[in-house]
Amino acid sequence: MFRKLTPYLFLCPAMLIIGIFVLLPMASALVISFSDYNMIEAHRFAGLDQYRRLLKDPFFWNALYNSLLYLLVVVPVLSFAPVFLAALVNRKLPGIAVFRGIYYLPVVTSLVVTGLMWKWVYEENGVLNFILRNLGLMSEPIAWLATPSVSLFAVMAVTVWSGMGFYMVIYLAGLQSIPKALYEVAELQGVSRIRQTLFITIPMLRPYIALVAVISSIAAMKVFDEVFIMTGGGPLGQTETLVFFVYQNAFIEFDMGYASAAGMALFAATFALSVLNLMLARDSGYAKR
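Keep in mind that this is a model prediction, so the values were computed, not measured.

Each value, and the rule that gives it
- Residues numbered from 1 in each chain as written.
- Predicted model: local features only at pLDDT ≥ 70, side-chain atom pairs only at ≥ 80, totals over all residues.
- Heavy atoms only, no water.
- Core = buried A, V, L, I, M, F, W, Y, C linked by side-chain atoms within 4.5 Å.
- Buried < 20%, exposed > 50% of the residue type's maximum accessible area, 1.4 Å probe, protein only.
- Helix = DSSP H or I, 4+ residues; strand = E, 2+ residues; numbered from the N terminus.
- Contact = heavy atoms within 4.5 Å.
- 1 Å grid on protein atoms, 1.4 Å probe; cavity = no way out; pocket = protein on both sides within 12 Å on 5 of 7 lines; lining within 4 Å.
- Points joined across faces, edges and corners; volume = space filled by probe spheres on them.
- Nonpolar A, V, L, I, M, F, W, Y, C, P; charged D, E, K, R; others polar.
- Patch = residues over 30% accessible without salt bridge, like charges linked within 9 Å, V, L, I, M, F, W, Y side chains within 5 Å.
- Areas by Shrake-Rupley, 256 points an atom, 1.4 Å probe, with all protein chains shown as cover.
- Salt bridge = Lys/Arg side-chain N within 4 Å of Asp/Glu carboxyl O.
- Phe/Tyr/Trp six-rings, centres within 6.5 Å; stacked < 30°, edge-to-face > 60°.
- Lys NZ or Arg CZ within 6 Å of the ring centre and 35° of its normal.

Draft legend 1. The nonpolar core, seen in detail. The biggest cluster of nonpolar side chains holds 62 residues, and the ones touching the most others in it are Leu54, Tyr70, Tyr122, Tyr171, Leu242 and Phe245. Counting only elements with at least two residues in this core, the list comes to helix H3 (58-89), helix H5 (111-121), helix H7 (148-176), helix H10 (206-221), helix H11 (225-230), helix H12 (242-252) and helix H13 (256-284). Those residues in contact with Tyr171 that lie beyond four places of it in its chain are Leu78, Ser79, Pro82, Val83, Ala86, Leu205, Tyr208, Ile209 and Val212.

What follows is the structure, given as structure tokens:
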């Protein structure tokens, strides 16, 4: 009897932590989303009023659009670009460990430091404009973070830069798990490097690509730090994401009921996205591993 209970005893601390810090706040947010609560007055049951308010709020739809655009642009880049970076460092060359460390450095750098650094790079008199002007690619400097048409994409570039090394490590592990015999046989048969990549490397990396797609999709829906530090949701709300929308209503407007309803909408979108990704991952063979 005790032996049967042993696994559950080991799980109890983790389950307790998850219950206190994840499930309980989620349940509280769900309850608050049905009330009119502003941290000053007492809870007042409001039914579905907060959700109806969301449907009529253009700022909510703008934040949702920005989050989905973030997802559609960033996730494909982070799903495939690190493959080539991993292939580059998956070689037995002198000092290759140093290059791996350099590529991974943005991952362990605080996003606060990263955001401030890139904010300086994007200034009108910053490094980026200086380089582009000296290369003759532009005549006048661009305010990258203050121009509505490019500000969101400028923030996306920072997300890609800071996350590239993390996904590179995942793909590097995948590349090193591929049997070398497959490449040796392909070379004996005269198969070119390009065909080896297309018919050996990519198919063998499909489970890892599915994993990266799931992780990067959830991360893209939850992006906040870069937006908060670099643009504060501006200009004109062009970089405001769903998480920033929740933060704005909760801790600036103190409208906890409305913020909780937006948080539930974010949870629903993230959950649906995760289920979709898991279905695709099952087709790729990841779920069978």
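Draft legend 2. Representation of the layout of surface pockets. Size it by volume and the largest pocket reaches roughly 830 Å³. What lines the largest pocket is a set of 19 residues, and nearest its centre among them are Ala87, Asn90, Tyr183, Arg193 and Thr201. For the lining of the largest pocket, the secondary-structure elements that each account for two or more residues are H3, H7, helix H8 (180-188) and helix H9 (193-204). No other element matches the five residues that H9 contributes to the lining of the largest pocket. Grouping the amino acids of the lining of the largest pocket by side-chain chemistry returns seven nonpolar, five polar and seven charged.

Draft legend 3. Highlighting unusual backbone geometry. Here the bond from Gly234 into Pro235 is cis, since omega is -5°, no more than 30 degrees from zero. Looking at where Pro235 falls in the secondary structure, it is placed in the loop between H11 and H12. Positive phi, normally seen in glycine, also occurs at Leu236, with a value near 55°. Mapped onto the fold, Leu236 is located in the loop between H11 and H12.

Draft legend 4. Fine view of a nonpolar patch on the surface. Together, Leu16, Ile17, Ile18, Ile20, Phe21, Val22, Leu23, Met26, Phe267, Phe271, Val275 and Met279 make up a nonpolar patch on the protein surface, roughly 1200 Å² of accessible area in all. Of all the elements in the fold, those that place two or more residues in the nonpolar patch are helix H1 (2-32) and H13. The element that contributes the greatest number of residues to the nonpolar patch is H1, accounting for eight residues. By secondary structure assignment, the location of Ile18 is in helix H1. Exposure remark for Ile18: the relative accessible area of 44% places this residue in the partly exposed category.

Draft legend 5. Broad picture of the packing of aromatic side chains. One pass over the full model with this rule turns up 15 aromatic pairs. Taking the centre distance of 6.4 Å and the plane angle of 45° together, the rings of Tyr122 and Trp144 count as tilted. With Tyr122 in the loop between H5 and helix H6 (127-134) and Trp144 in the loop between H6 and H7, the pair connects residues that are 22 residues apart, well separated along the chain. Neither residue differs from the other here; Tyr122 and Trp144 are each classed as buried. Residues Phe267 and Phe271 carry aromatic rings whose centres are separated by 6.0 Å and whose planes lie at 25° to one another, so their mutual orientation is stacked. Of the two residues, Phe267 and Phe271 are both situated in helix H13; the distance of four residues between them amounts to about one turn of the helix. Given a relative accessible area of 40%, Phe267 falls into the partly exposed group. Three or more aromatic residues link up through ring pairs in this structure, and these residues are Phe224, Phe228, Phe244, Tyr247 and Phe251. Taking NZ or CZ as reference, Arg53 lies 3.7 Å from the ring centre of Tyr258, over its face.

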